[in-house]
Amino acid sequence: MSSPVISVSHLKRGFKSGSGSITVLKDISLTVNRGEFVAVMGASGSGKSTLLNVLGGLLAPDSGTVTVDGMDLGSMSDASLTVYRRDRVGFIFQMFNLVGTLNVEENILLPSLAGGRRVAPAALDAMIEKVGLSHRRHAMPDTLSGGEQQRVAIARALVSGPALVLADEPTGNLDSENTRLMGDLFRDLHRAQGCAFVLVTHAPDVAMWADRVIVLKDGSIVDDRSTAEFAGPAELSSFYERTLNDAL
Ligand SMILES: Nc1ncnc2c1ncn2[C@@H]1O[C@H](COP(=O)(O)OP(=O)(O)OP(=O)(O)O)[C@@H](O)[C@H]1O
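Calculation notes
Residues numbered from 1 in each chain as written. Predicted model: local features only at pLDDT ≥ 70, side-chain atom pairs only at ≥ 80, totals over all residues. UniProt positions renumbered as here; feature names shortened; annotations may be inferred. Helix = DSSP H or I, 4+ residues; strand = E, 2+ residues; numbered from the N terminus. Rg over C-alpha atoms; globule rule 2.2 N^0.38 Å. Buried ≥ 20, exposed ≤ 12 C-beta atoms within 10 Å, placed from the backbone. Core = buried A, V, L, I, M, F, W, Y, C linked by C-beta atoms within 7 Å. Near = placed C-beta within 6 Å. Nonpolar A, V, L, I, M, F, W, Y, C, P; charged D, E, K, R; others polar. Pairing = 2+ DSSP bridges. Right-handed = clockwise from strand over helix to strand, strands pointing away. Axes fitted to C-alpha atoms, helices over the stretch in contact; angles between N-to-C directions. Contact = placed C-beta atoms within 7 Å. pLDDT = per-residue confidence, 0-100.

Looking at an unreviewed UniProt entry, one finds the chain named ABC transporter related and attributed to Akkermansia muciniphila. The UniProt entry for the chain carries the following comment under Sequence similarities (unreviewed entry): "Belongs to the ABC transporter superfamily. Macrolide exporter (TC 3.A.1.122) family."

Below you can see the structure in the form of structure tokens.
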């Protein structure tokens, strides 16, 4: 029986806007089990990144509860949230976010060098091999292709065995061949590590990597179902368009 890594209940989160405020996430409730891979889709501005940032402990909930790996994020101090982000969460962004003055190996070890969980040399070697960068482990980021840089970011996110991996448009800067390779890698790593994956994407072919797809509209979840219901990305794409049109 799988246990929830993420439990979100009646989450609300907004921002100040001019003299007023806007509510971006409106009453979100959501559970993601260990080993589950969830894609979040939604139009620009629907609140996808805000949701990811709350799950990653980068933004506090205004109300409701957000529990990840047994920790109630809304009640934690800034110092505890820093440790949470470093030790429990692997972040993967569209822009890769590598440190230009550190080589491949050092970038992968960055969270551990910043005081996080120690990474055994054998685990580092295995991860570098899995992402296909054994021959480039001492290379600097500016000498790598976009696909290679994203593989470094994936290795960095996963090497210390986080409970949760959060990916925000991770294929946004990749061509179709690198996107396909990343899909294979994501699925392999996800299966091997058994952590929960939450991935934000606009692309139906990328959402099909996941077990489940959640659709956000104007800060509310308007659908949540298994990707096994779709024969392929085209079917998911037309379902998605229909869902956004039908939702109030
Ligand atoms: N720090 C902030 N201050 C004020 N408003 C914000 C802030 N961050 C996000 N917003 C607003 O919240 C809304 C949701 O933003 P969010 O980035 O979560 O959307 P998104 O679904 O990820 O969009 P996209 O697909 O374009 O990345 C937008 O209207 C955005 O302008």
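Asker: Could you give me a rundown of the overall build of the chain, with the residues and numbers involved?
Answerer: From N to C terminus, the chain includes 8 helices and 10 strands. Here the chain has a C-alpha radius of gyration of 18 Å; the compact-globule value for 248 residues is 18 Å, and the two agree. C-alpha atoms of the chain, sized along the principal axes, occupy 50 × 45 × 45 Å. For the chain, buried positions account for 37% of its 248 residues.

Asker: How would you summarise the nonpolar core if you had to cite specific residues and measurements?
Answerer: With 64 residues, the main nonpolar core has L55, L164 and V198 as its most contacted residues. Sorting elements by how many residues they give to this core places helix 5 (residues 146–158) first, with 6 residues.

Asker: Break down the site of the ligand for me, citing the residues and quoting the values.
Answerer: The ligand sits among F15, S17, V24, G42, S44, G45, S46, G47, K48, S49 and T50. Contributing elements (two or more residues each) for the shell around the ligand: strand 1 (4–17) and helix 1 (48–55). Top contributing element to the shell around the ligand by residue count: helix 1, with 3 residues. Classifying every residue of the shell around the ligand gives 2 nonpolar, 8 polar and 1 charged.

Asker: Go over the pairing of strand 7 (residues 164–168), please, and point to the residues and values.
Answerer: Extensive coverage of strand 7 is indicated by the burial of 5 of its 5 residues. Covered by surrounding structure in strand 7 are L164, L166 and D168 together with V165 and A167, the residues of both alternating faces. Bridge count for strand 7 against strand 8 (residues 196–200) is 5 bridges, and the pairing is parallel. Directly across from L166, in strand 8, lies its bridge partner V198. Taken together, strand 7, helix 6 (residues 176–193) and strand 8 constitute a β-α-β crossover, and its handedness is right-handed.

Asker: Pulling in residues and values, what's your account of the sheet that holds strand 1?
Answerer: The strand order 2-1-4-5 describes an open sheet built from 4 strands, whose pairing is antiparallel. At either end of the open sheet lies a strand with only one pairing partner, and these are strand 2 (20–33) and strand 5 (71–72).

Asker: Which residues make up the sheet that holds strand 9 (residues 212–217), and what values go with them?
Answerer: Strand order in the open sheet made by the 6 strands is 6-7-8-3-9-10, with mixed pairing throughout. Both edges of this open sheet fall to strand 6 (89–93) and strand 10 (220–226), since each of them pairs with a single strand only. In this sheet, adjacent strand axes meet at a mean angle of 15 degrees when their direction is disregarded. As paired elements, strand 6 and strand 7 share 5 bridges and run parallel to each other. In the strand pairing of strand 7, G90 is matched with V165. The sheet contacts of helix 8 (residues 233–246) involve strand 3 (37–42), strand 9 and strand 10, and relative to strand 9 the element is tilted by about 30 degrees.

Asker: Kindly report on the pairing of strand 1, identifying the contributing residues and their values.
Answerer: The pairing of strand 1 with strand 2 spans 10 bridges and is antiparallel. The residue bridging F15 from the neighbouring strand is I22, located in strand 2. Hairpin remark: strand 1 followed by strand 2, antiparallel, with 2 residues in the connecting loop; positive phi at G18, about 60 degrees. The sheet contact formed by strand 1 and strand 4 (residues 63–68) spans 5 bridges and is antiparallel.

Asker: Kindly report on the confidence of the model for the chain, identifying the contributing residues and their values.
Answerer: Counting all residues, the mean pLDDT for the chain is 92, and 99% of those residues have values of 70 or more. The ipTM assigned to the predicted complex is 0.97, against a pTM of 0.92.

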